[in-house]
Amino acid sequence: ALACQKIVEKALAKFGDAPANLHQVIVGDREIGEIMTDSRDVALISATGSTRMGREVAPRVAQRFGRTILELGGNNAMIVTPSADIDMSVRAVVFSAVGTCGQRCTSLRRLIVHKDVKDQLLPKIIAAYKSVKIGDPLKDGVLVGPLIDKDAFDNMQTALTKAKADGGKVHGGERTLEAEYPNAFYVTPSVVEMPGQTETVKHETFAPILYVMTYETLEEAIALQNDVPQGLSSCIFSTDLRETELFLSSVGSDCGIANVNIGPSGAEIGGAFGGEKETGGGRESGSDAWKGYMRRATNTINYSRELPLAQGIKFDI
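Rules used throughout
- Residues numbered from 1 in each chain as written.
- Predicted model: local features only at pLDDT ≥ 70, side-chain atom pairs only at ≥ 80, totals over all residues.
- Heavy atoms only, no water.
- Pairing = 2+ DSSP bridges.
- Helix = DSSP H or I, 4+ residues; strand = E, 2+ residues; numbered from the N terminus.
- Axes fitted to C-alpha atoms, helices over the stretch in contact; angles between N-to-C directions.
- Core = buried A, V, L, I, M, F, W, Y, C linked by side-chain atoms within 4.5 Å.
- Buried < 20%, exposed > 50% of the residue type's maximum accessible area, 1.4 Å probe, protein only.
- Contact = heavy atoms within 4.5 Å.
- Nonpolar A, V, L, I, M, F, W, Y, C, P; charged D, E, K, R; others polar.
- Phe/Tyr/Trp six-rings, centres within 6.5 Å; stacked < 30°, edge-to-face > 60°.
- Patch = residues over 30% accessible without salt bridge, like charges linked within 9 Å, V, L, I, M, F, W, Y side chains within 5 Å.
- Areas by Shrake-Rupley, 256 points an atom, 1.4 Å probe, with all protein chains shown as cover.
- Salt bridge = Lys/Arg side-chain N within 4 Å of Asp/Glu carboxyl O.
- Arc of directions from axis to C-beta.
- Polar contact = N/O pair within 3.5 Å; in protein donor to acceptor, adjacent residues only side chain to side chain.
- 1 Å grid on protein atoms, 1.4 Å probe; cavity = no way out; pocket = protein on both sides within 12 Å on 5 of 7 lines; lining within 4 Å.
- Points joined across faces, edges and corners; volume = space filled by probe spheres on them.

1. Some remarks on the sheet that holds strand 9 (residues 209-215)
Overall, mixed pairing links the 7 strands, which are arranged 5-8-9-4-3-11-12 in an open sheet. Edge strands, defined here as strands with exactly one partner in the open sheet, are strand 5 (169-171) and strand 12 (257-260). Here the average twist between neighbouring strands, direction ignored, is 20°.

Here is the structure:
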């Protein structure tokens, strides 16, 4: 946002006759957000954040009959079928689940793999996780940076503890590099083999936790994928056209983003970005997202000397 502000300022200076403060970036805390949310001068609030934030923002904006575009939580899944390219699936899993240390709204959080290929896929994922370089993300070759703060670390540990209590088998997830970076919270990405989709799995934890579950039929896999409150991004890895078309159909993924042989994050540039259910329903980017920022007006213009009346009504006076 700050970089875009600098670019806009240069463009406006070159233009030479633009209004002052045409484009602004404000860095602030909750108080700034509340002022913008409650202000009648702000016709539309586009808010990106947690589901909890959306539950506070949406009613307050609606109370003054303002408009919102909400991009909230995501609990994104990948379905891996027996026909999938396993090596491609591994690369997609690691990038989507580990990239940005699991702190993207489109990060992969649930892996729903067919029971016949789990033993082929999971060991490769665990091995890849162990080889990922963790550290200062500004250094070359480092793929995993830190969690944003201690609260994020604590939330991750709480989720892993609950997953164990649910019968999950946890790989990784511990704090690392503490001696080198005592004030930062680096973790090893975690893979958790789950016996089923528990309430712990259905809750989005903003950290690199990948829950792994198995399925027998594609209909069962789609039902698992859709059985969470969030509906942002989803994907299927398959070379069977019948499976992929079912996944993309009206009885398939209920998410705003549905991909085939591409992970849930990183390939959505240019498309309508957003999701359904507790993700908020709003869209950014895409071919018509600009309409959400516009004011619609209906104009009827008459240049004749007669007064047209609706539905051909006669009204003589």
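2. Looking at the nonpolar core
Judged by nonpolar contacts, the single largest core of 56 residues is most densely connected at M78, I79, L111 and L147. The element contributing the most residues to this core is helix 4 (residues 86-98), with 7 residues. For L147, the residues in contact, after removing those within four places along its chain, are C101, Q103, A152, F153, M156, F185, V187, F206, A207 and P208. I45, V57, V61 and L72 belong to the second largest nonpolar core, which has 6 residues in total.

3. Here's the deal with unusual backbone geometry
A positive phi angle, close to 55°, is found at C101, a residue other than glycine. By the secondary structure assignment, C101 is in the loop between helix 4 and strand 4 (108-114).

4. Describing the packing of helix 2 (residues 30-38) against helix 3 (residues 51-63)
Two measures define how a pair of helices packs: the angle their axes make with one another and the distance between the axes. Contact geometry of helix 2 with helix 3 gives a least axis separation of 9 Å together with a crossing angle of 35°. When helix 2 is examined against helix 3, the residues R30, E34, T37 and D38 are found in contact with a partner set consisting of R52, E56, V57, R60 and V61. Grouping the amino acids of the contact of helix 2 with helix 3 by side-chain chemistry returns 2 nonpolar, 1 polar and 6 charged.

5. Some words on the packing of aromatic side chains
Under the counting rule described, the total for this entry stands at 2 aromatic pairs. Summarising the aromatic geometry, the rings of Y181 and Y186 are spaced 4.8 Å apart at their centres and angled 35° between planes, so their arrangement reads as tilted. Residue Y186 is classed as buried on the basis of its relative accessible area of 4%.

6. Comments concerning a nonpolar patch on the surface
Together, L307, L309, I313, F315 and I317 line one region of the surface with nonpolar side chains, adding up to about 640 Å² of accessible area. On the secondary structure map, L307 appears in the segment after strand 13 (276-277). Overall, L307 belongs to the exposed group, its relative accessible area being 69%.

7. Some thoughts on helix 9 (residues 241-248)
Of the positions making up helix 9, those classed as buried are E243, T244 and F247. Along the long axis of helix 9, the arc covered by the buried residues comes to 95°, so they all point the same way. Exposed residues lying more than 90 degrees from the buried face of helix 9 are L241 and R242. Considering only its buried residues, helix 9 is in contact with strand 3 (76-80), helix 8 (218-226), strand 11 (233-237) and strand 12. The N-capping residue of helix 9, defined by a side-chain oxygen 2.9 Å from the backbone nitrogen of R242, is D240.

8. Some thoughts on the layout of surface pockets
As a volume, the largest pocket reaches approximately 1,600 Å³. Along the wall of the largest pocket there are 48 residues; nearest its centre are G49, S50, T51, R52 and M53. Taken together, the elements giving at least two residues each to the lining of the largest pocket come down to helix 2, strand 1 (44-48), helix 3, helix 6 (150-165) and helix 7 (199-202). In this model, the second largest pocket occupies a volume close to 440 Å³. Lining the second largest pocket are A1, C4, N21, L22, H23, Q24, V25, I26, D29, I32, G33 and M36. Ranked by the residues each element gives to the lining of the second largest pocket, the list is headed by helix 2, at 3 residues. Residues that form the lining of the second largest pocket fall into these classes: 7 nonpolar, 4 polar and 1 charged.

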